[in-house]
Amino acid sequence: AGVKIEKPWMRFIIKARPAAGYFMLHNDTDKTVSLTGASSSACGMAMLHETKEVNGIAKMMPVKNIKVPAGGKLTFQPGGYHIMCMKPKMKVGDHVPVTLKFADGKTVTATFTVTGPGGMKK
């Protein structure tokens, strides 16, 4: 019971570019939870981001918090919410820890599989 991460993966292209983390976040509690941050030893800095279309152009924007309703789920995927991993310290095939931080002080950690530009194969 609680908040859990399902199907976590990280898209890595080259060290000179940020990597991006994707997953499904389940809130199995009876209260809305607010995701406020992320961290990983595999990232120089990790941030919550969302890709939005602004005047017909897709832009990545930092997000301060993301609410997940009680009993709900939220998908972090290309073109939407994601974790932006600045200065990545990883290579394709690695398994890296990522910790999500919530407004109530709780954290949840999962191991993300690092893939190449093609992303996670279903």
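Here's a quick rundown of the structure. These figures come from a predicted structure and were not determined experimentally. (Residues numbered from 1 in each chain as written. Predicted model: local features only at pLDDT ≥ 70, side-chain atom pairs only at ≥ 80, totals over all residues. Heavy atoms only, no water.)

**Here's the deal with the overall build of the protein chain**
Summing up its helical and strand segments, the protein chain has 0 helices and 10 strands in all. Each helix and strand of the protein chain, placed in order from N terminus to C terminus, yields the pattern β-β-β-β-β-β-β-β-β-β. Relative to the globule expectation of 14 Å for 122 residues, the C-alpha radius of gyration of the protein chain, 14 Å, shows essentially globular dimensions. Each principal axis of the C-alpha atoms in the protein chain carries an extent, and together these give about 40 × 35 × 30 Å. (Helix = DSSP H or I, 4+ residues; strand = E, 2+ residues; numbered from the N terminus. Rg over C-alpha atoms; globule rule 2.2 N^0.38 Å.)

**Here's the deal with the state of the cysteines**
Taken as a whole, this structure holds 1 disulfide when the rule is applied. With its sulfur 2.1 Å from that of its partner, Cys-43 forms a disulfide with Cys-85. With the S-S dihedral at roughly -115 degrees, the linkage between Cys-43 and Cys-85 falls on the left-handed side. Of this pair, Cys-43 sits in the loop between strand E3 (33-39) and strand E4 (45-54) while Cys-85 sits in strand E8 (residues 81-86); the two residues are 42 residues apart in sequence, bridging distant segments of the chain. (Disulfide = S-S within 2.5 Å.)

**Structural notes on the environment of His-26**
Mapping His-26 onto the fold places it in strand E2 (residues 19-27). Other than its neighbours up to four places away in sequence, His-26 contacts Gly-2, Val-3, Lys-4, Glu-6, Gly-72 and Lys-73. Polar contacts involving the side chain of His-26 include one to the side chain of Glu-6, which spans 3.3 Å. (Contact = heavy atoms within 4.5 Å. Polar contact = N/O pair within 3.5 Å; in protein donor to acceptor, adjacent residues only side chain to side chain.)

**Here we look at the side chain of Ser-40**
Mapped onto the secondary structure, Ser-40 falls in the loop between E3 and E4. For Ser-40, a relative accessible area of 13% corresponds to the buried category. Reaching out from Ser-40, the side chain makes a polar contact with the backbone oxygen of Pro-97 at a distance of 2.5 Å. In this view, Ser-40 contacts Pro-97 and Val-98; residues no more than four positions away in its chain are not counted. (Buried < 20%, exposed > 50% of the residue type's maximum accessible area, 1.4 Å probe, protein only.)

**Comments concerning the side chain of Thr-115**
Relative to the helices and strands, Thr-115 is located in strand E10 (residues 107-115). Discounting chain neighbours no more than four positions away, the residues touching Thr-115 are Trp-9, Met-10, Arg-11, Phe-12, Val-92 and Met-120.

**Things to note about the pairing of E10**
Here 3 bridges tie strand E1 (residues 3-11) to E10, and the two strands are oriented parallel to one another. Directly across from Met-10, in E10, lies its bridge partner Val-114. Linking strand E9 (residues 95-102) to E10, which pair antiparallel, is a turn of 4 residues; within it Gly-105 sits at a positive phi near 90 degrees. (Pairing = 2+ DSSP bridges.)

**Observations concerning the pairing of E4**
Examined bridge by bridge, E4 and E8 share 6 bridges and lie antiparallel to one another. Each bridged residue has a counterpart across the sheet, and for Met-47 the counterpart in E8 is Met-84.

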